[in-house]
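One letter stands for each residue in the lines below.
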There are 2 protein chains.
Amino acid sequence: MKVLFVGTGLIGGSFSLAMQKHGLLSEAGGFSRKESNLDRSVELGLISKKFTNLEDGIKWADWVILSIPVDVIDQMLPGILDMIREEQVIVDFGSTKGKICETVKSHEARARFIAAHPIAGTEYSGPEAAFASLFEEKLMIICEDGQSNPAALMQFEKVCKTIGMKLEYMDAEAHDRHLAYISHLSHITSYSLSNAVLDKEKDGQVILELAGSGFASTVRLAKSSPEMWAPIFMENKKMVLEALDAFLSNTAEFKRLLEADDLDGMFQFLEKGRAIKRVIK
Amino acid sequence: MKVLFVGTGLIGGSFSLAMQKHGLLSEAGGFSRKESNLDRSVELGLISKKFTNLEDGIKWADWVILSIPVDVIDQMLPGILDMIREEQVIVDFGSTKGKICETVKSHEARARFIAAHPIAGTEYSGPEAAFASLFEEKLMIICEDGQSNPAALMQFEKVCKTIGMKLEYMDAEAHDRHLAYISHLSHITSYSLSNAVLDKEKDGQVILELAGSGFASTVRLAKSSPEMWAPIFMENKKMVLEALDAFLSNTAEFKRLLEADDLDGMFQFLEKGRAIKRVIK
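Residues numbered from 1 in each chain as written. Chains lettered and ligands numbered in written order. Predicted model: local features only at pLDDT ≥ 70, side-chain atom pairs only at ≥ 80, totals over all residues.

**Section: the overall build of chain A**
Stated formally: Secondary structure follows DSSP: runs of H or I at least 4 residues long count as helices, runs of E at least 2 residues long count as strands, and numbering of each begins at the N terminus. This radius of gyration counts C-alpha atoms alone. The globule rule is 2.2 Å times how many residues there are, raised to the power 0.38. Our exposure labels follow a C-beta count within 10 Å of each residue's own C-beta, placed from the backbone: buried means 20 or more other C-beta atoms, exposed means 12 or fewer, and partly exposed covers the counts in between. Think of it this way: build a C-beta for each residue from its backbone, and any pair within 7 Å is a contact.
Summing up its helical and strand segments, chain A has 12 helices and eight strands in all. In terms of overall dimensions, chain A is globule-like: its C-alpha atoms have a radius of gyration of 21 Å, near the 19 Å expected for 281 residues. Based on the C-alpha atoms only, the size of chain A along its principal axes is roughly 65 × 40 × 30 Å. Across the 281 residues of chain A, 54% fall into the buried class. Of all intrachain contacts in chain A linking residues separated by at least 6 positions in sequence, the fraction that spans at least 24 positions is 74%.

Have a look at this one:
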């Protein structure tokens, strides 16, 4: 199978490495408008064939995998679906699914498209961040699976299972709401925490010396790529605002307890939050 | 040197193990009102001698190290200073220093007391969580060092260096402000995030399946002990409120950018927060 990776950063690059490792790729191609990105991806073994013209890449490929910022997926996907042949499969790996599914729901080639989201990543980005084992034991969520061609879907599921992934199916709205709480919100709190601390502690040396591993852990996601994350927040605006308001309401409650010197109430608040340890080991 | 550990949890227990490892202890004693705590600490090798009467323990000890919740330190310290002999040294390892230093500043035995804060820990607590290498390469902050007896201080500094710690000196107010931003705030955001997600996702299984490593990392500190943390927030109320307001103001700015669909502004906000990667590797 020849796969064109549109985006060969952490996610696309790692998926290519995983497919190569399991002998699932006859050839990996990459598309980028920047030739230097492609050269680096070839050096790192993520792809072997370079395309700076998207149409050429799509003609060449059996499959097309989109691992680019969600707003760019939105812009590109209808045009790609216009171009594809009957036997081709297009998969997107965007972190929000509602808007993308809505954008293409009436496209005549909708069935050739699979809306997927691999729950895997690190705070690093770009081709250098890719590694073959990123997806092992991780979850691939497939949204609106009923809209995709069954044979194409089965082929994609087989690839996911072969590289060690588990599968789950969700409608796009449920996906976007769950992810707003469990993923997007923790990115927002990390970025806000980082901004608050950097405003105050102009001298990075003080942060470095005083930061126990706790701060490093809490602020880790703030190292994530703004190119990826600004569009995710924007695309999932409604759900993100809902999750953010839930968080702000909890934080306001903490503040109220502190201002009222309510030690018992504070204790209850923390005890409730600590219950997360029953879920996350 | 015989040391009485008042509190043999993660911090006190690990300090005992580290001192034992470096041959700095002739005997480790533990004080607790709960005999079962002491029995467990003996089993784990954290201490070898048990005291359920504080006065007996203090009579026996050369040094006393307090690793208990900060509000309990506040309550106990004046009484301990009333009891001690001229050659004894009392050290506290509380995470806030202003109130404790204030409480004992006019005590006639103030010079026998060292106000210290080891910047080390994990999200786990209790005797089982203790391990000998916790303090290696970590920072011991000593506050108001001018108020402590120079010989006692030198002895304490030597112990810290021997177990692999670096030393830093700070006035109590600067300590409490820095820690409010760099440590206490990240605990608050973790607890609030945990509460918001647990409110929404009653089914822990969904959290478990969807939570990438990012969520686990951001929420990790919410597993910390409420017995330790509720009093820390209360004791450091003024500074914690200042840090919390700085955080809330950043989060409000994020929300404003999202509501206004300001993608460029959002990008700048995230890019600013991402600068933390220059400090925290």
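**Structural notes on the relation of the copies chain A and chain B**
Selection rule: Here the copies are superposed with least squares, the fitted atoms being C-alpha atoms of residues at a pLDDT of at least 70 in both.
Here chain A sits on chain B after a turn of 180° about the axis and a move of 0.0 Å along it, with an RMSD of 0.0 Å. The superposition of one copy onto the other is thereby described by a two-fold rotation axis. It is T218 of chain A whose C-alpha, among those of chain A, lies nearest the rotation axis, at 2.2 Å. When the interface residues of chain A are mapped onto chain B, 100% of them again lie at the interface, so the same face is used by both copies.

**Remarks on the packing of helix α11 (residues 237–259) of chain A against helix α12 (residues 263–274) of chain A**
Residues and elements named next belong to chain A. Basically, it comes down to this: Angles shown run from 0 to 180 degrees and are taken between the N-to-C directions of axes, each axis being a line fitted to C-alpha atoms and, for helices, limited to the stretch in contact. Any angle that is under 35 degrees is reported as roughly parallel, and any over 145 degrees as roughly antiparallel; angles of 65 to 115 degrees are reported as roughly perpendicular and all others as oblique. Should the near helix be turned counterclockwise from the far one by less than a right angle, the crossing is left-handed, whereas a clockwise turn marks it as right-handed. Residues were grouped as follows: Ala, Val, Leu, Ile, Met, Phe, Trp, Tyr, Cys and Pro as nonpolar; Asp, Glu, Lys and Arg as charged; and all remaining residues, including Gly, as polar.
Put simply, α11 and α12 touch, their axes get as near as 8 Å, and they point 155° apart. With respect to α12, the axis of α11 lies roughly antiparallel. Read as a crossing pair, α11 and α12 show a hand that is left-handed. Listed contacts from α12 to E253, F254, L257 and L258 of α11 are G265, M266 and F269. Among the residues forming the contact of α11 with α12, the class breakdown is five nonpolar, one polar and one charged.

**A short note on the domain arrangement of chain A**
All names here are of chain A. For the record, the criterion: Source of the domain bounds: an automatic or database domain assignment.
What the domain assignment reports for chain A is domain 1 (2–170) and domain 2 (175–278). Between domain 1 and domain 2, the residue contacts involve 14 residues of the former and 14 residues of the latter. Of all elements in the fold, only α4 (70–83), α5 (98–104) and β7 (139–143) reach the threshold of two or more residues within the side of domain 1 that touches domain 2.

**Topic: α12 of chain A**
Stated formally: Here the expected span of a helix is defined as 1.5 Å times the quantity of residues minus one. This arc is taken over the directions from the axis of the helix to the C-beta atoms.
Between its first and last C-alpha, α12 of chain A extends 16 Å over 12 residues, near the 16 Å set by a 1.5 Å rise per residue. Those residues of α12 of chain A that sit buried are M266, F269, L270, G273 and R274 of chain A. Relative to the axis of α12 of chain A, the buried residues are bounded by an arc of 135° and lie together on one face. Tucked inside the fold, the buried residues of α12 of chain A contact α11 of chain A together with α7 (172–200) and α10 (226–235) of chain B.

**Here's the deal with the sheet that holds strand β8 (residues 166–170) of chain B**
Picture the strands of a sheet paired through backbone hydrogen bonds; they go either parallel or antiparallel. Residues and elements named next belong to chain B. For clarity, the cut-off: For two strands to be treated as a pair, DSSP must find no fewer than two bridges joining them.
Taking strand neighbours across the sheet as the criterion, the eight strands line up as β3-β2-β1-β4-β5-β6-β7-β8 in an open arrangement whose pairing is mixed. Because the sheet does not close on itself, it has two edges, and the strands there are β3 (49–51) and β8. With strand direction ignored, the average angle separating the axes of adjacent strands in the sheet is 25°. In the packing of helix α4 (residues 70–83) onto the sheet, the strands contacted are β4 (63–66), β5 (89–92) and β6 (113–119), and the crossing angle to β5 comes to about 175°.

**Overview of the interface of chain A and chain B**
Counting from both sides, the interface comprises 78 residues of chain A and, opposite them, 78 residues of chain B. Among the elements that line the side of chain A that touches chain B, the one with the most residues is helix α7 (residues 172–200) of chain A, at 20 residues. Grouping the amino acids of the side of chain A that touches chain B by side-chain chemistry returns 46 nonpolar, 17 polar and 15 charged.

**Observations regarding the packing of helix α10 (residues 226–235) of chain A against helix α12 (residues 263–274) of chain B**
Contact pair α10 of chain A / α12 of chain B: the axes reach a minimum separation of 9 Å and the direction vectors enclose 135°. The pairing of α10 of chain A with α12 of chain B is recorded here as oblique in orientation. As for how α10 of chain A packs across α12 of chain B, the hand of that crossing is right-handed. Each of P226, W229, A230, F233 and M234 of chain A in α10 of chain A lies in contact with α12 of chain B, whose residues at this interface are L263, M266, F267, L270, E271 and R274 of chain B. Split into classes, the residues belonging to the contact of α10 of chain A with α12 of chain B amount to nine nonpolar, no polar and two charged.

**Topic: the sheet that holds strand β6 (residues 113–119) of chain A**
Residues and elements named next belong to chain A. Read from one edge to the other, the open sheet built from eight strands follows the order β3-β2-β1-β4-β5-β6-β7-β8, with strand pairing classed as mixed. Every other strand in the sheet has two partners, leaving β3 (49–51) and β8 (166–170) as the edge strands with one partner each. Pairwise comparison of adjacent strand axes, ignoring direction, gives a mean angle of 25° for this sheet. As paired strands, strand β1 (residues 2–6) and strand β2 (residues 27–31) are joined by five bridges and run parallel to one another. Bridge assignment links V3 to a residue of β2, and that residue is A28. Contacts from α4 reach β4 (63–66), β5 (89–92) and β6 within the one sheet, and its direction differs from that of β5 by about 175°. Contacts from helix α6 (residues 150–162) reach β5, β6, β7 and β8 within the one sheet, and its direction differs from that of β5 by about 55°.

**Comments concerning unusual backbone geometry**
A positive phi angle, close to 70°, is found at E137 of chain A, a residue other than glycine. Mapping E137 of chain A onto the fold places it in the loop between β6 and β7.

**What to know about the pairing of strand β2 (residues 27–31) of chain B**
Residues and elements named next belong to chain B. Using the following cut-off: Looking down the strands as they point away from the viewer, one classifies a crossover as right-handed if the path from the first strand across the helix to the second runs clockwise.
Within β2, four of the five residues are buried, which leaves it mostly tucked inside the rest of the structure. Running through helix α1 (residues 10–21), the crossover from strand β1 (residues 2–6) to the neighbouring parallel element β2 is right-handed. Each parallel crossover has a hand, and for β2 linked through helix α2 (residues 35–43) to β3 it is right-handed.

**Observations concerning the environment of A246 of chain B**
Of note, A246 of chain B is situated in helix α11 (residues 237–259). Classification of A246 of chain B as buried rests on a count of 20 C-beta atoms within 10 Å. The spacing of A246 of chain B and V91 of chain B is 155 residues in sequence and 33 Å in space, taken between C-alpha atoms. Apart from the residues lying within four places of it in its own chain, the contact partners of A246 of chain B are A196, D199 and K200 of chain A.

**Let's talk about the environment of T162 of chain B**
All names here are of chain B. With respect to the element layout, T162 can be found in helix α6 (residues 150–162). With 14 C-beta atoms counted inside 10 Å, the residue T162 sits in the partly exposed group. Spatially, the C-alpha atom of T162 lies 9.6 Å from that of E136, the residues being 26 residues apart in sequence. Those residues in contact with T162 that lie beyond four places of it in its chain are H22 and L24.

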